[in-house]
Amino acid sequence: MSVITSVEQLEALYGIPGEASIVKELDHIIPEYAAFIETSPFAALATAGPEGLDCSPRGDLAGFVRIHDPKTLMMPDRRGNNRADSLKNIIRDPRVGLLFLVPGSGTTLRVNGRAHITTDAELCASFTVEGKPARSVTVVAVDTVYFQCARAIVRSELWNPAKHVDPKSLPTPGRILEVTSRQSIDGETYDKEWPERAKKTMW
């Protein structure tokens, strides 16, 4: 197996990026990039910490990540499983990456920056949904922002309904937990209780 061990080898294989790949990268959010953030209901948050890397899904009503100014984003944190892997990482290493998706669009938006976490009561309250404020808010200082072309989305046919997988063909969360817990969690019971539990903890 041939292993690439240097940037020079990599550049020899892939060549030099074209102008469009370079000029799209900025250090601030322009109105054209803001349009994607404001209509995105989903983003993947990448962080790093002493235990390693983490990439966590973040979803809410479209535009849930707020553009405070061209150099600052604010993202509410809602109720979840309380692992808080991403937040723990941010406390120890502020570097973050965000990948925004917009349903139906092949273009994604990438943001890299440095983050901190705040529990400012007024700010958390400003993200209230269904009467519940954000538990905390992740504030991101933007270092770079640029769009990613649609090749990956087009190749994957991500938004093509004909390619959607029937959830019943996949293991349920309960089944996975039953296996990983070595039967200490009853999978069937977990799956039956999940819809009601999800309603209570959605926000």
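Before reading on, note that the structure itself is shown above.
Read on for a plain summary of the structure. Keep in mind it's a predicted model, so treat the numbers as computed, not measured.

## Some words on unusual backbone geometry
Positive phi values are uncommon outside glycine, yet glutamate 157 reaches one of about 55°. Its location among the elements puts glutamate 157 in the loop between α6 (151-156) and α7 (173-180). Take glutamate 157: its relative accessible area is 34%, and that puts it in the partly exposed class. Positive phi outside glycine occurs at arginine 182, with the angle close to 55°. Following the sequence through the fold, arginine 182 ends up in the loop between α7 and α8 (187-201).

## Comments concerning the sheet that holds strand β6 (residues 108-118)
Strand order across the open sheet formed by seven strands is β2-β1-β5-β6-β7-β4-β3, with antiparallel pairing between neighbours. Strand pairing shows two members of the sheet lacking a second neighbour, β2 (52-59) and β3 (66-69), which therefore form its edges. Put simply, the sheet's adjacent strands are angled 35° from each other on average, direction ignored. Bridge analysis of strand β5 (residues 95-101) against β6 gives six bridges, and the strand direction is antiparallel. Looking at the pairing, valine 96 lines up with glycine 113 of β6.

## With respect to the pairing of strand β4 (residues 72-77)
Summarising burial for β4: six of the six residues are buried, a large majority. Of the two faces of β4, both are covered, the one formed by Thr72, Met74 and Pro76 as well as the one formed by Leu73, Met75 and Asp77. Note: β3 against β4, three bridges, orientation antiparallel. Paired with isoleucine 67 across the two strands is leucine 73, which belongs to β4.

The rules behind the values
- Within any chain, residue numbers begin from 1 and follow the written order of that chain's sequence.
- With pLDDT at 70 or above as the cut-off, local features in this predicted model cover only qualifying residues; side-chain atom pairs require 80 or more to be listed or tallied, and sums for whole chains, interfaces and linings still use all residues.
- With hydrogens and water set aside, each side-chain value is computed from the structure's full complement of heavy atoms.
- Secondary structure elements follow DSSP: runs of H or I of four or more residues count as helices, runs of E of two or more count as strands, with numbering from the N terminus.
- Note on exposure labels: buried denotes an accessible area under 20% of the residue type's maximum, exposed denotes more than 50%, and partly exposed covers the range between, all computed with a 1.4 Å probe on protein chains only.
- When DSSP finds two or more bridges between a pair of strands, those strands are recorded as paired.
- In this analysis an axis means a line fitted to C-alpha atoms, helices contributing only their contacting stretch, and an angle means the value between N-to-C directions, from 0 to 180 degrees.

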